[in-house]
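Each chain, written out:
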2 protein chains.
Amino acid sequence: MESLKNKIRKEGKVLSETVLKVDCFLNHQIDSKFMLDMGKEFARLYKDKEITKIVTIETSGIAPAVAAGIYLDVPVVFAKKSTSSTLNNDTYSREVKSFTKNKVYNILIAKEFLNPNDKVLVIDDFLAYGNALVGLNEIIEESGATVVGAGIVIEKGFQPGGKELRQSGLRVESLAIIESMNENGIIFG
Amino acid sequence: MESLKNKIRKEGKVLSETVLKVDCFLNHQIDSKFMLDMGKEFARLYKDKEITKIVTIETSGIAPAVAAGIYLDVPVVFAKKSTSSTLNNDTYSREVKSFTKNKVYNILIAKEFLNPNDKVLVIDDFLAYGNALVGLNEIIEESGATVVGAGIVIEKGFQPGGKELRQSGLRVESLAIIESMNENGIIFG
């Protein structure tokens, strides 16, 4: 998505060869209308797939997921993050390791919000090692629902998540894929 | 907002005389199109106020705030919650006590996202004791920006936050105000 690449070039801050900060339009301040543009693009990519539900993770996945939900006319369910492991018969959960933040947390979705008839589009802000996406997919499959594919705002193409997930057979659509970045600039795939 | 009251009546779960669960359209699953309806209503209420920015708190404020941001054509800044007190020259922060959850947390906003020219609409999902809203307002005023008013999805009118904030001079617009509730139903104000 050319407008997203331009926005990342213009407003993103490359903090290191692996860390990109897009707090100005996605992770702290949110460009409301630009969310709609991205939601529209996700909806276009999956428009023939009879999506019934979007699943994302709090916090930064929510805005692009709701935007896509507006265009696909489906509800969004956001997985909750918890550092405590509260086993509960009413929720699906998975432990997820964040390499970026170097910590382990649990993601939880109430069982009532996923059912075997659901065709799910998973949306998230970043894809790096892919652990959060794997955890979400496992939860969705445990519910009996079908994961149709993933929609990612920014994929770090130099980290293995995207490649591994595509090799496993998952459709992964990333609006921008970063091949490499440093203080001189960002190279997109 | 009549459609919201109907939705609360139909989909909300009254767990006690003080606890209302609206996980099915706001706090866990999000009704994407209904967020737009609410955003449009917030925008209508504040349309002549030259709002330049919306401020909310993660997590459940984000969806209605972004919807309002779409109609007012302004960015949304969401305050981050942290249980650790990380004092930092680059952020404004306040300690907030949640009576509902019986815990204390910090809310943080990076200084770069608020400036003295901003006219801010504060949006949140619930208003009960009002502590989160007071903390947000203090942060916004510390930055030199102006708090124009608040937009709340559901106000618990039987708790003191809304009354106290209005008495202090703040404009508070709640799309639904609950006067009382129990197993027999909900009475709106």
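Residues numbered from 1 in each chain as written. Chains lettered and ligands numbered in written order. Predicted model: local features only at pLDDT ≥ 70, side-chain atom pairs only at ≥ 80, totals over all residues. Heavy atoms only, no water.

## Some thoughts on the UniProt feature "binding site: xanthine" (unreviewed entry) in chain A
Residues and elements named next belong to chain A.
Logical step 1: UniProt tags L20, N27 and K156 as "binding site: xanthine" (unreviewed entry).
Logical step 2: Note on placement: L20 falls in strand β2 (residues 20–21).
Logical step 3: Residues contacting L20, with those up to four places away along its chain left out, are I8, G12, K13, V14, F126, I154, I178, M181 and I186.
Logical step 4: Tracing the backbone through its elements, the reader meets K156 in strand β9 (residues 146–156). (UniProt positions renumbered as here; feature names shortened; annotations may be inferred. Helix = DSSP H or I, 4+ residues; strand = E, 2+ residues; numbered from the N terminus. Contact = heavy atoms within 4.5 Å.)

## Comments concerning the side chain of E41(A)
Residue and element names in this part refer to chain A.
Logical step 1: The residue E41 is located in helix α3 (residues 32–45) in this model.
Logical step 2: A distance of 2.8 Å separates polar atoms of two side chains, one belonging to E41 and the other to R44.
Logical step 3: With residues near it in sequence (within four places) discarded, E41 still touches M1 and L175. (Polar contact = N/O pair within 3.5 Å; in protein donor to acceptor, adjacent residues only side chain to side chain.)

## What to know about the UniProt feature "binding site: 5-phospho-alpha-D-ribose 1-diphosphate" (unreviewed entry) in chain A
All names here are of chain A.
Logical step 1: Within this structure's numbering, the places UniProt gives as "binding site: 5-phospho-alpha-D-ribose 1-diphosphate" (unreviewed entry) are A128, Y129, G130, N131 and A132.
Logical step 2: Relative to the elements of secondary structure, A128 occurs in the loop between β8 (119–127) and α5 (131–142).
Logical step 3: Judged by its relative accessible area of 11%, A128 falls in the buried class.
Logical step 4: Those residues within four positions of A128 in sequence are excluded, and the remaining contacts are T100, K156, Q159, P160, G161 and G162.
Logical step 5: Within the element layout of this structure, N131 appears in helix α5.
Logical step 6: Owing to a relative accessible area of 26%, N131 belongs among the partly exposed residues under this scheme.
Logical step 7: Non-local contacts of N131, meaning those with residues more than four positions away in its chain, are made with V96, K97 and F99. (Buried < 20%, exposed > 50% of the residue type's maximum accessible area, 1.4 Å probe, protein only.)

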